[in-house]
Amino acid sequence: MNSVNEISKAYEIETYTGEKMAVPTHLGGRYDVIVIGGGHAGCEAALAAARMGVKTLLITMSPDSIAMAPCNPAIGGPAKSVVVREIDALGGAMGRITDAAQIQIRMLNTGKGPAVQALRAQIDKQLYQRLMRAHLERQDNLFLRMGEVTELLIEGDDLLTGQVRGCRLKNGIEYLADRVIICSGTYLDGRVLIGEYDVKSGPAGFPPATDLGLYLRSIGLPMRRFKTGTPARIDQRSIDFDKTAIQPGQPDLFFSYMTKKGEFDRPNIPCWMTYTNERTHEIIRANLHLAPLYSGRISGIGPRYCPSIEDKVVRFAERDSHQLFLEPEGEHTREYYVQGMSTSLPERVQVAFLRTIPGLEECELIRPAYAIEYDCIDPTQLQLTLEHKTLRGLFMAGQVNGSSGYEEAAAQGLMAAVNAAAQLKGLPPFILSRAESYIGVMIDDLVTKGVSEPYRLMTSLAEYRLLLRQDNADMRLTEKGLQYALINDEQRDFFYDKKQLVEAEVARLETEVPHAAGLAQLGVENKPLLTLGSVLRRPEISYDALSAAFPPPAPLPDQVREAAEVQVKYAGYIRKQEEQVRRFQHLEDKPLPADLDYNSIGGLSTEAQQKLQKLRPLSIGQAQRITGVSPADIGVLLVYLKAGRK
């Protein structure tokens with residue numbers, strides 16, 4: 001352990017003339033914000049801080065692992081696609097780079113409403129990394145450094161309640177900054193398991209950050225052990241695609257609001273679908289004793305919503321098959337990812353059960369599947385800003401907070417960096433509520449409820465998901481991003497132009513009275529008081545059909561057409577959710593004093609006192625989402641606050 005007092009030490013070196021020269025240990029220099037880790041959280045964190053004009057250093061163990069996607073070669077999916085759009089609406093890079101690196105994109109859940117529809121793109125993983133690194137290197141105020149951080153520099157006698165002043169690398173070099181963001185992913189004391197093979201490692205064979213994980217434990221940060229896994233990669237030449245079902249992509253779909261049709265000349269490479277069978281399951285059941293998950297050699301807790309294939313076979317014993325997807329890893333590689341088949345069984349067993357699957361009878365492994373254990377923190381130690389509650393200046397983002405997924409990590413990195421930079425610039429905290437973004441849902445869940453397994457964002461976790469759609473993330477968040485200098489001039493102008501067009505088209509639809517000829521074309525009876533909006537709200541009428549009969553004054557971009565259609569077609573449902581948000585906000589606007597002694601409030605249950613004392617919620621609304629705090633406890637708090645005001 002160390003304190004900031006040690007920073008003043010210096011080493012003596014001898015110059016070529018024989019003179020002695022003192023070299024301070026902080027030869028690395030001083031920055032405003034240091035970001036530790038170059039994964040998806042670290043990239044968005046470093047970019048956001050630098051965009052806000054603060055001098056930012058991104059330290060990564062290997063520049064070759066920047067923005068690496070060690071697991072599935074995809075971005076998006078249910079809830080996650082909205083997060084990517086929200087990152088884009090706040091000036092982040094993930095959506096734009098996904099568009100430039102995609103090799104296939106599809107809209108999921110098209111048979112359902114707009115609240116659960118989701119984009120999912122297959123990416124060329126190596127191209128994504130190259131593009132993200134180039135983007136980082138072009139960003140003003142941002143500097144890259146290769147190195148392994150092993151310690152933080154902390155001012156104060158009690159390190160857990162001190163002030164962060166920088167970090168120290170394994171080679172002894174120190175970098176100074178009053179705000180440090182740890183985005184360590186699954187590297188903290190990482191351990192990879194494949195059957196009996198057991199080695200200290202980060203993902204994809206990169207070295208683990210063992211020393212930093214041990215250091216965080218040593219200063220008293222409560223840590224926990226989680227586990228995840230990734231499937232095997234197989235050689236495309238060994239797949240019989242005739243025995244599988246094709247899944248083609250769709251043209252002209254993009255994550256970034258700024259991407260234009262034809263801007264990126266990308267291929268459309270299909271994915272393929274196949275299934276396990278009873279023979280597959282027999283081999284897995286016969287070898288369960290070799291799986292670290294069942295032999296007791298894995299202590300980490302895995303994700304319930306993304307179980308290994310051996311876990312699926314045991315937990316869903318009544319199922320005689322499980323769906324699998326064969327996904328290309330890139331445009332110029334033969335590696336295919338076997339989605340749905342993560343495992344820690346020995347490689348020989350992996351080959352045996354993979355070859356029972358239609359299309360994979362002759363498959364050849366390029367990379368075996370593996371499980372990885374890693375350290376993460378209890379996120380209830382954090383504030384909604386993602387700053388530690390007692391160790392000032394320390395922010396945490398991504399899988400180190402107990403979450404899973406590239407998208408969740410990137411969003412946390414952005415939010416942590418905005419708050420770190422905002423503190424330095426004297427700006428108010430940047431906190432998004434559950435009612436205005438999926439990012440707000442995720443951070444509130446992590447900080448308020450904590451995690452007992454790797455957290456995965458899903459649409460079911462958002463109470464107001466009809467308001468939090470992927471088509472309107474910019475309308476919800478871009479103006480907030482402007483307040484924190486996250487948005488460049490081009491994106492600002494594009495946003496206001498789009499907003500004006502959407503508002504004008506919605507106004508036209510809600511006020512224009514349709515003529516009889518157009519209604520006849522649509523097969524709609526002409527009645528008094530009809531507007532184009534009331535016609536559009538009919539289930540059988542689409543915006544495309546309506547605009548063919550009643551075209552707008554000028555052609556509109558697809559984004560504008562989509563946004564206007566959803567706003568008008570679902571206007572009644574949207575109004576109901578907006579009323580629910582107003583009731584929600586009523587409790588969010590009732591603050592709880594930061595120094596409130598919950599143990600002194602009579603009527604609270606013992607569990608509520610303990611949870612409230614530990615988590616220190618900011619409002620009644622946040623308090624009611626804490627596990628163990630009952631409606632009766634909330635009633636006691638409301639009475640207490642009312643009595644205090646009197």
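Cut-offs applied
Residue numbers run consecutively from 1 along every chain, following the written order of its sequence. Local features in a predicted model are, by the rule used here, given only for residues with pLDDT of at least 70; side-chain atom pairs are given and counted only at 80 or more, and totals for whole chains, interfaces and linings are based on all residues. Side-chain measures were taken over the full set of non-hydrogen atoms in the model, leaving aside hydrogen atoms and water. Cysteine sulfur atoms are paired as a disulfide whenever they fall within 2.5 Å. For salt bridges, the criterion is a side-chain nitrogen of Lys or Arg within 4 Å of an Asp or Glu carboxyl oxygen. Helix and strand assignments follow DSSP, with helices taken as H or I runs no shorter than four residues and strands as E runs no shorter than two, numbered in order from the N terminus. Only protein chains enter the calculation, and the probe is 1.4 Å; a residue is then buried if its accessible area is under 20% of its type maximum, exposed if over 50%, and partly exposed in between. We treat two strands as partners when DSSP finds at least two bridges between them. Whenever a helix is involved, its axis is fitted only over the stretch in contact; in every case the axis is a line through C-alpha atoms, and angles between N-to-C directions fall within 0 to 180 degrees. What we call a nonpolar core is a set of buried Ala, Val, Leu, Ile, Met, Phe, Trp, Tyr and Cys residues that are connected through their side-chain atoms within 4.5 Å. Oblique is the label for any angle not covered by the other classes, which are roughly parallel (under 35 degrees), roughly antiparallel (over 145) and roughly perpendicular (65 to 115). Each crossing gets its handedness from the near helix: less than a right angle anticlockwise from the far helix is left-handed, clockwise is right-handed. Any two residues having at least one pair of non-hydrogen atoms within 4.5 Å are treated as being in contact. Ten residue types, Ala, Val, Leu, Ile, Met, Phe, Trp, Tyr, Cys and Pro, are classed as nonpolar, four, Asp, Glu, Lys and Arg, as charged, and the remainder, Gly among them, as polar. A pair of Phe, Tyr and Trp rings is counted when the ring centres sit within 6.5 Å of each other, with Trp represented by its six-membered ring. The angle between the planes then sorts it: under 30 degrees is stacked, over 60 is edge-to-face, the rest tilted. Think of it like this: strands point away, you trace from the first strand over the helix to the second, and a clockwise trace means the crossover is right-handed. Expected helix span is given by 1.5 Å per residue-to-residue step, counting one fewer step than there are residues.

A. Main features of the state of the cysteines. Counted according to the given criterion, the structure contains 0 disulfides. The cysteine C167 is free of any disulfide, with C183 supplying the nearest cysteine sulfur at 12 Å. Cysteine C363 is unpaired, with the sulfur of C271 as its nearest cysteine sulfur at 17 Å.

B. Structural context of the pattern of salt bridges. Applying the stated rule across the entire model yields 52 salt bridges. Between E329 and K125 there is a salt bridge, with the nearest N and O atoms lying 3.2 Å from each other. Here the residue E329 occupies a position in the loop between β20 (323–328) and β21 (335–339), and K125 occupies one in helix α4 (residues 125–138), the gap between them amounting to 204 residues. The buried category is assigned to K125, whose relative accessible area is 10%. Taking the shortest distance from any N to any O, the salt bridge between R133 and E137 comes out at 2.9 Å. Taken together, the residues R133 and E137, both in helix α4 and 4 residues apart, mark about one turn of the helix. Take R133: its relative accessible area is 30%, and that puts it in the partly exposed class. A relative accessible area of 49% places E137 in the partly exposed class. One network of salt bridges, with partners in common, ties together D189, R191, D198, K200, R217, R225, R297, E373 and D375.

C. Focus on the sheet that holds strand β16 (residues 223–230). Strand order in the open sheet formed by 4 strands is β15-β14-β23-β16, with antiparallel pairing between adjacent strands. Of all strands in the sheet, those with a lone pairing partner are β15 (197–200) and β16, marking the two edges. On average, adjacent strands in this sheet sit at an angle of 20° to one another, irrespective of strand direction. Bridge count between β16 and strand β23 (residues 370–377): 8 bridges; the pairing is antiparallel. Each residue of the ladder has a partner; that of K227, found in β23, is E373.

D. Spatial organisation of the nonpolar core. Grouped together as the largest cluster of nonpolar side chains are 122 residues, with contacts concentrated most on I34, M132, L152, I181 and L216. Residue contributions to this core peak at 12 residues, all from helix α10 (residues 406–425).

E. View of the packing of helix α13 (residues 489–511) against helix α17 (residues 558–569). At their nearest, the axes of α13 and α17 sit 9 Å apart, and the two run at 45° to each other. Taken together, the axes of α13 and α17 lie oblique to each other. The hand of the α13/α17 crossing is right-handed. Residues F494, K498, L501, V502, E505, V506, L509 and E510 of α13 lie in contact with α17, whose contacting residues are Q559, V560, A563, A564, Q567 and V568. Of the residues contributing to the contact of α13 with α17, the split by class is 9 nonpolar, 2 polar and 3 charged.

F. View of the pairing of β23. Burial within β23 is extensive, with 8 of its 8 residues counted as buried. Side-chain alternation along β23 places Y370, I372, Y374 and C376 on one buried face and A371, E373, D375 and I377 on a second face that is also buried. Pairing analysis gives 3 bridges linking strand β14 (residues 191–194) to β23, with the strands arranged antiparallel. Bridge pairing links V192 to I372 in β23.

G. Fine view of the packing of aromatic side chains. Here the structure, examined in full by the defined rule, presents 8 aromatic pairs. Judged by centre distance (4.7 Å) and plane angle (40°), the ring pair of F241 and W272 falls under tilted. Placement of F241 in the loop between β17 (233–235) and β18 (245–247) and of W272 in strand β19 (residues 271–275) is noted, with a sequence separation of 31 residues between them. The burial state of F241 is the same as that of W272; both residues are buried. A network of ring pairs unites the aromatic residues Y31, F143 and Y175 as a single cluster.

H. Molecular detail of the pairing of strand β5 (residues 56–60). In terms of residue burial, β5 counts as a mostly covered element, since 5 of its 5 residues are buried. Here β5 shows a buried face lined by T56, L58 and T60 and a second buried face lined by L57 and I59. Taken together, the 4 bridges between strand β4 (residues 33–36) and β5 define a ladder with parallel strand orientation. The residue of β5 that forms the bridge with V35 is L58. For the crossover that starts at β4, traverses helix α1 (residues 40–51) and ends in the parallel β5, the hand is right-handed.

I. Up close: the environment of L152. Within the secondary structure, L152 is located in strand β10 (residues 149–155). Considering only alpha carbons, one finds L152 and I219, 67 residues apart in sequence, at a separation of 9.9 Å.

J. Layout of helix α11 (residues 438–449). Taking 1.5 Å as the rise per residue, α11 with 12 residues should run 16 Å; its terminal C-alpha atoms sit 16 Å apart, in good agreement. By the criterion of burial, α11 is predominantly enclosed, with 11 of the 12 residues buried. G450 sits one or two residues past α11 and shows a positive phi near 75°.

K. Up close: the sheet that holds strand β6 (residues 74–76). The strand order across the open sheet built from 3 strands is β6-β8-β7, with neighbouring strands paired in antiparallel fashion. Edge positions in the sheet fall to β6 and β7 (102–108), since each of these pairs with one other strand and no more. In this sheet, adjacent strand axes meet at a mean angle of 20° when their direction is disregarded. With 3 bridges connecting them, β6 and strand β8 (residues 118–123) associate as antiparallel partners. The residue of β8 that forms the bridge with A74 is Q122. Its contacts with the sheet place helix α3 (residues 94–101) against β6, β7 and β8, and it is angled at close to 115° to β7.

L. Representation of the side chain of E408 in the model. Checked against the element boundaries, E408 lands in helix α10. Discounting residues that sit within four places of it in the chain, E408 has contacts with K80, S403, M442, R456 and L457.

M. Geometry of the environment of E407. Structurally, E407 can be placed in helix α10. Overall, E407 belongs to the buried group, its relative accessible area being 3%. C-alpha of E407 to C-alpha of A232: the two residues are 175 residues apart in sequence and 22 Å apart in space. In contact with E407, not counting residues within four places along its chain, are A74, I75, G76, K80, V83, V84, I87 and M94.

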